[in-house]
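Notes for the structure review
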Amino acid sequence: MKAEIIAVGTELLLGQVVNTNATFLSEELADLGIEVYYHTVVGDNPKRLEQLLVEADGRSELIVLCGGLGPTDDDLTKDTVAEHIHRSLVQDEQALTRLHEFFKFSKNKMTENNLRQTLMIEGGIAVQNPTGLAVGTLITENETTYLLLPGPPNELNPMFKQNARPLLEDLFPQAEQLISRVLRFYGIGESQLVTELKELIDSQTNPTIAPYAKPNEVTLRLTAKIADELTGQQLLDDLEAKVMNKVGEYFYGYGDDNSLVKVTVDELKKSGKTITAAESLTAGLFQSTLGDIPGVSEIFQGGFVTYSIGTKERFLGIDPALLEKEGTVSEACAIAMAEQARKVAEADLAVSFTGVAGPDELEGQPAGTVWIGLAQKGQPTIAVLQQFNRDRKYIRQSAVMKGLDLVRRAVVKKN
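Residues numbered from 1 in each chain as written. Predicted model: local features only at pLDDT ≥ 70, side-chain atom pairs only at ≥ 80, totals over all residues. Heavy atoms only, no water.

The name given to the chain in an unreviewed UniProt entry is Putative competence-damage inducible protein, and the organism recorded there is Enterococcus plantarum. The Sequence similarities (unreviewed entry) comment attached to the chain in UniProt states, word for word, "Belongs to the CinA family." (UniProt positions renumbered as here; feature names shortened; annotations may be inferred.)

Let us look at the packing of helix α12 (residues 309-316) against helix α14 (residues 331-345). Orientation of α12 relative to α14, taken along the N-to-C sense of each, is 35 degrees, at an axis distance of 10 Å. In terms of crossing hand, the pair formed by α12 and α14 is left-handed. Together, Lys312, Phe315 and Leu316 of α12 and Cys333, Met337, Gln340, Ala341 and Val344 of α14 make up the contact between the two elements. (Axes fitted to C-alpha atoms, helices over the stretch in contact; angles between N-to-C directions. Helix = DSSP H or I, 4+ residues; strand = E, 2+ residues; numbered from the N terminus. Left-handed = near helix turned anticlockwise from the far one by under 90°. Contact = heavy atoms within 4.5 Å.)

A word on the pattern of salt bridges. In the structure shown here, the tally under the stated rule is 16 salt bridges. Here Glu141 and Arg87 are joined by a salt bridge, their closest N and O atoms 2.7 Å apart. Linking Glu141 in strand β7 (residues 136-141) with Arg87 in the loop between α4 (77-84) and β4 (89-91), this pair joins segments that are 54 residues apart in sequence. Classification of Arg87 as partly exposed rests on a relative accessible area of 29%. (Salt bridge = Lys/Arg side-chain N within 4 Å of Asp/Glu carboxyl O. Buried < 20%, exposed > 50% of the residue type's maximum accessible area, 1.4 Å probe, protein only.)

So, on to the sheet that holds strand β10 (residues 208-214). Read from one edge to the other, the open sheet built from four strands follows the order β10-β11-β9-β12, with strand pairing classed as antiparallel. Looking at which strands have only one partner, the edges of the open sheet turn out to be β10 and β12 (251-254). Shown here is a sheet whose adjacent strand axes are inclined to one another by a mean of 25 degrees, direction ignored. Pairing analysis gives seven bridges linking β10 to strand β11 (residues 217-226), with the strands arranged antiparallel. The partner of Pro211 across the bridge, within β11, is Leu220. (Pairing = 2+ DSSP bridges.)

Turning to helix α5 (residues 93-106), a few remarks are in order. Under the 1.5 Å per step criterion, the end-to-end length of α5 is 20 Å for 14 residues, consistent within 8% with the ideal 20 Å. Buried within α5 we find Ala95, Leu96, Leu99 and Phe103. When α5 is viewed along its axis, its buried side chains cluster within an angular range of 105 degrees and face the same direction. The exposed set on the far side of α5, more than 90 degrees from its buried face, consists of Glu93, Gln94, Glu101, Lys104 and Phe105. (Expected span 1.5 Å × (residues − 1). Arc of directions from axis to C-beta.)

Looking at the chain, the domain boundaries give domain 1 (2-171), domain 2 (177-254) and domain 3 (260-412). Its C-alpha centre places domain 2 at a distance of 32 Å from the equivalent point of domain 3. In total, domain 2 and domain 3 occlude about 760 Å² of area from one another, counting both sides; carbon and sulfur atoms represent 53% of this. Connecting domain 2 to domain 3 are zero salt bridges. For the pair domain 2 and domain 3, the interface holds four residue pairs in polar contact (both at pLDDT 80 or more). The residue makeup of the side of domain 2 that touches domain 3, split by class, is four nonpolar, one polar and two charged. (Domains from an automatic or database assignment. Buried area = accessible area lost by both parts, 1.4 Å probe. Polar contact = N/O pair within 3.5 Å; in protein donor to acceptor, adjacent residues only side chain to side chain. Nonpolar A, V, L, I, M, F, W, Y, C, P; charged D, E, K, R; others polar.)

What the rule picks out here adds up to five aromatic pairs. Here Phe24 and Phe160 contribute two aromatic rings whose centre-to-centre distance is 6.1 Å and whose plane-to-plane angle is 85 degrees, an arrangement assigned as edge-to-face. With a gap of 136 residues between them, Phe24 in helix α2 (residues 20-31) and Phe160 in helix α6 (residues 153-171) connect regions that are remote in the sequence. Consider the rings of Phe102 and Phe103, whose centres lie 5.1 Å apart with planes at 90 degrees: the pair is edge-to-face. Classification of Phe103 as buried rests on a relative accessible area of 12%. Chaining the aromatic ring pairs together yields one cluster made of Phe185, Phe251 and Tyr254. For Arg390, the ring lying beneath its charged end belongs to Tyr394, and the centroid distance is 4.3 Å. (Phe/Tyr/Trp six-rings, centres within 6.5 Å; stacked < 30°, edge-to-face > 60°. Lys NZ or Arg CZ within 6 Å of the ring centre and 35° of its normal.)

Moving on, we get to the layout of surface pockets. Taken as a whole, the largest pocket holds about 900 Å³ of empty space. For the largest pocket, the lining is made up of 35 residues, of which Thr23, Ser26, Glu27, Glu28 and Arg221 are closest to its centre. Elements represented by at least two residues in the lining of the largest pocket include exactly α2, β2 (35-42), α6, β9 (177-185), β10 and β11. The greatest single-element share of the lining of the largest pocket, amounting to nine residues, is contributed by α2. The residue inventory of the lining of the largest pocket, partitioned by class, reads twelve nonpolar, twelve polar and eleven charged. Both domains that furnish three or more residues to the lining of the largest pocket are identified here as domain 1 (2-171) and domain 2 (177-254). Contributing to the lining of the second largest pocket are 16 residues, with Arg184, Pro215, Glu217, Ser259 and Met401 lying nearest its centre. Mapped onto the lining of the second largest pocket, the elements with two or more residues apiece are α10 (260-271), α11 (285-291) and α15 (392-414). For the lining of the second largest pocket, the element with the highest residue contribution is α15, accounting for three residues. Of the residues that constitute the lining of the second largest pocket, the class distribution is six nonpolar, five polar and five charged. When residues of the lining of the second largest pocket are assigned to domains, at least three map to each of domain 2 (177-254) and domain 3 (260-412). (1 Å grid on protein atoms, 1.4 Å probe; cavity = no way out; pocket = protein on both sides within 12 Å on 5 of 7 lines; lining within 4 Å. Points joined across faces, edges and corners; volume = space filled by probe spheres on them.)

Spelled out as structure tokens, the structure:
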């Protein structure tokens, strides 16, 4: 079947908000065997939205609209679609109850316009919103099905997965379905990955391989079109084995929602090893990244931000003669920072970062020069030199990713 996605919101046209909903919905619909043929963005203008709906009716069996379900005067998606299919708007009692409970709990005054969020299209199925207040609608009229969802991704994503997707599965059962598996890689660029897998990509039929470049990593989505789950998983297993044979050394985990930091923390927990860090150019970014993972306190008790020579001496007890002789942007400094951090924090591992975030040079070293140290209990301390390019933010983020990968590989090797 043919589907299209219409994102409603002037802020999208102005570039103030990135339309991540279209990407998410396309992947979800593909998993259901529903092919998306068109993506469109339209402003908060009922006349232009109506014109677009007329076009969409003639070419798509499923029209998914996201945005314009809120309480303000420019949230007119429900009104426009209802008028388009000659239906009224009615209040959904479950959404109304949730609205009153929300304002009672928050102790904020509820303004009258919030009631707009509890309206749905008459004759449709209410799609409840587990993380927000705006109820959605699924309704079929004249052989065209309309699905109305809110705009904020933190509402749309769980709302689709929990409530809209099961409705679509029942409404549009497919003889064949698409199943996917996402493989994540660090330490190899997209161009190199594609080159290494060229033979597999050129000969792909079913399943298929789709590479995606992300900041500091690359993912591969393996997708199989199948009639039964068991056959599909076997197809994906066979293709994954071929991929791993070529680029397995760069693989670190599975899944859209996974990350290098999550995998690293999980491996540390599994091994029972604790970690600390001493950061100069990253200024606490590595430790902040660890802190994004729930339960990280099991393996991370704290660390050090030693941005200046003085704090390297005072906080870590590094010999000032070493810093004067070798400089702070040096292998010796990275090793000393890692060793002293591990010693002071009494941790099993310590990672250190020192270098030049830019934009100017430091100690005669160009921006992007980074030394990363790794100290381990019972192992020789190492330091690796990295040369990152681009801007200051990217250099710091790249350093953190490399540090995570060093830790992950060290822990996995021990396990």
